[in-house]
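Observations on the three-dimensional arrangement
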Amino acid sequence: MKELAVLSERILSDMNIRQERYLLAQIDWSQRLIGVKGARGSGKTTLLLQQIKYHLSEATKPLYTSLDNLHFMDHTLIGLAEEFAVQGGTHLFLDEVHKYPNWSRELKLIYDQLPSLNVIFTSSSILEINKGESDLSRRAVKYILKEMSFREYLNIKHNLDIPSFDFEYILKNQKEVALELKNHVEFPVAEFKEYLKYGCYPYSFEGIDNYYPKLLDTINLMLEIDVSSVENIPYQESRKIKKLLVAIAQSAPFTPNVSKLSERLGFSRNFLLNSLKILDRAELIHEFFTPSKGIGAFTKPEKLYLNNTNLIYALAQSQLEQGTLRETFFANQLKHLYEIHLAKKGDFIVNRKYTVEIGGKNKTTHQIDGVKDAFILKDDIEIGALNIIPLHLFGLMY
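So, here's what we can say about the structure. (Residues numbered from 1 in each chain as written. Predicted model: local features only at pLDDT ≥ 70, side-chain atom pairs only at ≥ 80, totals over all residues. Heavy atoms only, no water.)

Considerations on the overall build of the chain
Across its full length, the chain carries 14 helices and 12 strands. Its C-alpha atoms give the chain a radius of gyration of 22 Å, near enough to 21 Å, the size a compact globule of 398 residues would have. Referenced to the eigenvectors of the C-alpha coordinate spread, the extents of the chain come out at roughly 70 × 55 × 40 Å. For the chain, the residues scored as buried account for 54% of the 398 residues in total. Summarising the internal contacts of the chain: among those between residues at least 6 apart in sequence, 66% fall at separations of at least 24. Of the roughly 17,600 Å² of accessible surface on the chain, 49% is carried by carbon and sulfur atoms. Here the chain holds 48 positive side-chain charges and 49 negative ones, and the gap between their average locations is 5 Å. (Helix = DSSP H or I, 4+ residues; strand = E, 2+ residues; numbered from the N terminus. Rg over C-alpha atoms; globule rule 2.2 N^0.38 Å. Buried < 20%, exposed > 50% of the residue type's maximum accessible area, 1.4 Å probe, protein only. Contact = heavy atoms within 4.5 Å. Areas by Shrake-Rupley, 256 points an atom, 1.4 Å probe, with all protein chains shown as cover. Lys, Arg positive; Asp, Glu negative; His and termini not counted. Charge placed at Lys NZ, Arg CZ, Asp CG, Glu CD.)

A look at the packing of aromatic side chains
Within this structure, the stated rule accounts for 25 aromatic pairs. For the pair Tyr-195 and Phe-329, a centre-to-centre distance of 6.1 Å together with 85° between the ring planes defines the contact as edge-to-face. Within this pair, whereas Tyr-195 is found in helix H8 (residues 188-198), its partner Phe-329 is found in helix H14 (residues 322-334), the two being separated by 134 residues in sequence. Look at Tyr-195 and you get buried, because its relative accessible area is 1%. Given a relative accessible area of 1%, Phe-329 falls into the buried group. Taken together through their ring pairs, the aromatic side chains of Phe-167, Phe-288, Tyr-305, Phe-330, Tyr-338, Phe-348, Tyr-354, Phe-375 and Phe-394 make up a single cluster. Across from the ring centre of Tyr-111, 4.0 Å away, lies the NZ or CZ of Arg-32, which sits over that ring. Taking the ring centre of Phe-271 as reference, the NZ or CZ of Lys-240 above it sits at 5.8 Å. (Phe/Tyr/Trp six-rings, centres within 6.5 Å; stacked < 30°, edge-to-face > 60°. Lys NZ or Arg CZ within 6 Å of the ring centre and 35° of its normal.)

Focus: the sheet that holds strand S12 (residues 388-390)
One open sheet accounts for five strands, arranged S8-S9-S10-S11-S12; its pairing is mixed. Edge positions in the open sheet fall to strand S8 (340-342) and S12, since each of these has one partner strand only. The mean angle between the axes of side-by-side strands here comes to 35°, regardless of whether they run parallel or antiparallel. Direction of pairing for strand S11 (residues 374-378) relative to S12: parallel, over a ladder of three bridges. Its bridge partner being in S12, Lys-378 is matched across the sheet by Pro-390. (Pairing = 2+ DSSP bridges. Axes fitted to C-alpha atoms, helices over the stretch in contact; angles between N-to-C directions.)

Some remarks on the side chain of Ser-149
Structurally, Ser-149 is set in the loop between strand S5 (141-145) and helix H5 (150-158). In this structure, Ser-149 is in contact with Tyr-195, Gln-333, Gly-395 and Tyr-398, ignoring residues within four places of it in sequence.

Focus: the nonpolar core
Nonpolar side chains tend to gather and get buried jointly when the protein is soluble and globular. Ranked by size, the top nonpolar core spans 108 residues in total, and within it Leu-107, Ile-248, Phe-330 and Phe-348 carry the most contacts. Ranked by residues supplied to this core, first place goes to helix H9 (residues 211-231) with seven residues. Excluding residues that lie within four positions of it along the chain, Ile-248 makes contacts with Phe-254, Leu-276, Leu-279, Ile-285, Leu-304 and Leu-306. Formed by 20 residues, the second largest nonpolar core is a distinct cluster that contains Ile-27, Trp-29, Leu-56 and Ile-120. (Core = buried A, V, L, I, M, F, W, Y, C linked by side-chain atoms within 4.5 Å.)

Details of unusual backbone geometry
The linkage connecting Ala-252 with the following residue, Pro-253, adopts the cis geometry, with an omega of -5°. Locating Pro-253 in the fold gives a position in the loop between helix H10 (235-249) and helix H11 (258-265). Although it is not a glycine, Lys-61 adopts a positive phi angle of roughly 50°. A positive phi angle, near 60°, is found at Glu-283, a position not held by glycine.

Details of the sheet that holds strand S2 (residues 63-66)
Across the sheet, five strands lie side by side as S2-S3-S4-S1-S5; this open sheet has parallel pairing. Both edges of this open sheet fall to S2 and S5, since each of them pairs with a single strand only. Within this sheet the neighbouring strands show an average axis-to-axis angle of 15°, counted without direction. Against the sheet, helix H2 (residues 44-55) touches strand S1 (33-38), S2, strand S3 (91-95), strand S4 (118-124) and S5, its axis set at about 165° to S3. Along the sheet, helix H3 (residues 77-86) contacts S2 and S3; its crossing angle with S3, the most-contacted strand, is approximately 155°.

Some thoughts on H10
Over its 15 residues, H10 runs 21 Å from end to end, which matches the ideal 21 Å to within 8%, given 1.5 Å per residue. Listing the buried residues of H10 in full gives Ser-238, Ile-241, Leu-244, Leu-245, Ala-247, Ile-248 and Ala-249. Residues of H10 that are buried sit in contact with H9, H11, helix H12 (269-281), strand S6 (285-288), strand S7 (303-306) and helix H13 (309-315). (Expected span 1.5 Å × (residues − 1).)

Following this line, the structure appears as structure tokens:
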């Protein structure tokens, strides 16, 4: 364990990012077993290191390690936990648990046999934590780390402290929210355009010149390593899933014709539908259904979007549609926070109550005429009125 402790100290000393992600304040750190899922590149490792470095005292004797470390080629996780607990350690931070073969069984043993130990682990967003070899549903408290919101992007980029607002608050107090944003940012619409291109992943602050190559590398690693390790899918099959993602990127949003898409790509129907579920869990696409439709394992989604606008810029090879960018942004900011479905009139319905139609500054209200609790979300405006709200304000929810 000594070499892991030395490496942990070195990693912590090198970490100097002070701007914290939204989830850090939302996690109940008193829980004994905490799981944080998120897409590769979303900042899970930094989240753990910030909690250790800035929020835990040395008396807690925390230890950080990644489970892809070569140490675990001939050592077990339960063995590490037992040795750590004997030496007085209280907080064990485990990164990338999906890369350890018996992760769920050994986490269950640690929880049951070492009650003095708090364990915090991260995993790929693809991993279904409750479907591991040993059920952790009654033990682990689970969280999802989303990509950076527009608010987080502004706060980190300009060292600001813009507060967050929930969805209904924005609907009811849009002028107050818009003025609050203007107090912090002189040109919010221009900043919003940059966010759509570069703002979803923290490594955008390392320089935008290499941002898209890094994002494409991240996508490749998700599909060729994470999918293979979590789903036990052979390399050639993961390449097929990448082919599907590219096909979606070139035409999203669209209503998939499963038969035609299967024939075009050479997939069976079941493989195609399962691949769509994997891409959705990987935070690479967003499957949509109407509220009345059941969502089973082999239910065809009614519409597909890429998961965020940065993916559109990185993957789409055709002319970028502004309408697609706007709808993708809105859907992404609400994902995992609110219930969002396709609407019969308008673009989306949120929490089965609020209908939204999304467009540019010249968008009219005729598409939602007669619809109760309906709103027009407009791009390229700073302040709205009545049921017309600036689209970018919905990037301030987390």
